[in-house]
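Overview (structure and organization)
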Amino acid sequence: QVQLVESGGGLVQVGGSLRLSCVASGDIFGVITMRWYRQAPGSRREWVAGISADGRTNYADSVMGRFTIARDNAKNTVYLQMNTLKPEDTAVYYCQLNRGGVYKYWGQGTQVTVSS
């Protein structure tokens, strides 16, 4: 079993920045991909960014050039640096751990609110 804990969310003005963290614990082994998702009120959860075991990254078009995903394997942590925040970035942000392409685990989420 895997546990994920997100942190770093909060209230920020338009154009501001936040860095989210997700710390994993438990049965962490094998080929692990980490992803960030977000869900705004009344909306479906959407994928934001991903990073593979070898460090390859990809991003949703809506955050390309503004967000950066990174991982620190020694700390079992994945980060999401969010810059130039927009009101439409307001959502609960969730991290996901994918192990071996089979097992998926989710954190409880952290709220990001961008004021307009």
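Below is a short write-up of the structure.

With that out of the way, let us pick up the overall build of the chain. Tallying secondary structure elements over the chain gives zero helices and eleven strands in all. Going residue by residue from the N terminus, the α and β elements of the chain occur as β-β-β-β-β-β-β-β-β-β-β. Taken over C-alpha atoms, the radius of gyration comes to 13 Å for the chain, in line with the 13 Å a tight globule of 116 residues would show. Long-range pairs, those at least 24 residues apart, make up 52% of the contacts in the chain with a sequence separation of at least 6. Taken as two groups, the 12 positive and 8 negative side-chain charges of the chain have centres that lie 2 Å from each other.

Another aspect to go through is the pattern of salt bridges. If you walk through the whole model with that rule in mind, you get four salt bridges. In this structure, R66 engages D89 in a salt bridge whose closest nitrogen and oxygen atoms are separated by 2.8 Å. Pair noted here: R66 is in the loop between strand 6 (57-59) and strand 7 (67-72) and D89 is in the loop between strand 8 (77-82) and strand 9 (91-99), with a separation of 23 residues, a long-range link. Three or more residues joined by partner-sharing salt bridges are found here, namely R38, E46, R66 and D89.

Turning next to the nonpolar core. Counting residues in hydrophobic clusters, the biggest one holds 29 residues, and the most contacted among them are L4, W36, L80, M82 and Y93. Elements with a contribution of two residues or more to this core: strand 1 (2-7), strand 3 (18-26), strand 4 (32-39), strand 5 (46-51), strand 7, strand 8, strand 9 and strand 11 (110-115). In contact with L4, other than residues within four places in its own chain, are C22, V23, A24, M34, C95, Q96, L97, Y105, W106, G107 and Q108.

Inspection of the entire model under this criterion finds one disulfide. The partner cysteine of C22 in its disulfide is C95, sulfur to sulfur 1.8 Å. Here the S-S torsion is close to 45°, and the disulfide linking C22 with C95 is therefore right-handed. You can see C22 sitting in strand 3 and its partner C95 sitting in strand 9, a full 73 residues away along the chain. Grouping residues by exposure puts C22 and C95 together as buried.

Right, let's talk about the pairing of strand 10 (residues 103-106) for a bit. In this sheet, strand 10 lies alongside strand 9 in antiparallel orientation, the contact comprising four bridges. Pairing of Q96 across the sheet is with W106, part of strand 10. Hairpin connection from strand 9 to strand 10: three residues lie between these consecutive antiparallel strands, with G100 at a positive phi of about 65°.

This part covers unusual backbone geometry. Unlike most non-glycine residues, N76 shows phi in positive territory, near 55°. Along the chain, N76 falls in the loop between strand 7 and strand 8. For N76, a relative accessible area of 35% corresponds to the partly exposed category. Although it is not a glycine, T84 sits at a positive phi angle of roughly 50°. Position of T84 relative to the elements: it lies in the loop between strand 8 and strand 9.

About the cut-offs
Residues numbered from 1 in each chain as written. Predicted model: local features only at pLDDT ≥ 70, side-chain atom pairs only at ≥ 80, totals over all residues. Heavy atoms only, no water. Helix = DSSP H or I, 4+ residues; strand = E, 2+ residues; numbered from the N terminus. Rg over C-alpha atoms; globule rule 2.2 N^0.38 Å. Contact = heavy atoms within 4.5 Å. Lys, Arg positive; Asp, Glu negative; His and termini not counted. Charge placed at Lys NZ, Arg CZ, Asp CG, Glu CD. Salt bridge = Lys/Arg side-chain N within 4 Å of Asp/Glu carboxyl O. Core = buried A, V, L, I, M, F, W, Y, C linked by side-chain atoms within 4.5 Å. Buried < 20%, exposed > 50% of the residue type's maximum accessible area, 1.4 Å probe, protein only. Disulfide = S-S within 2.5 Å. Pairing = 2+ DSSP bridges.

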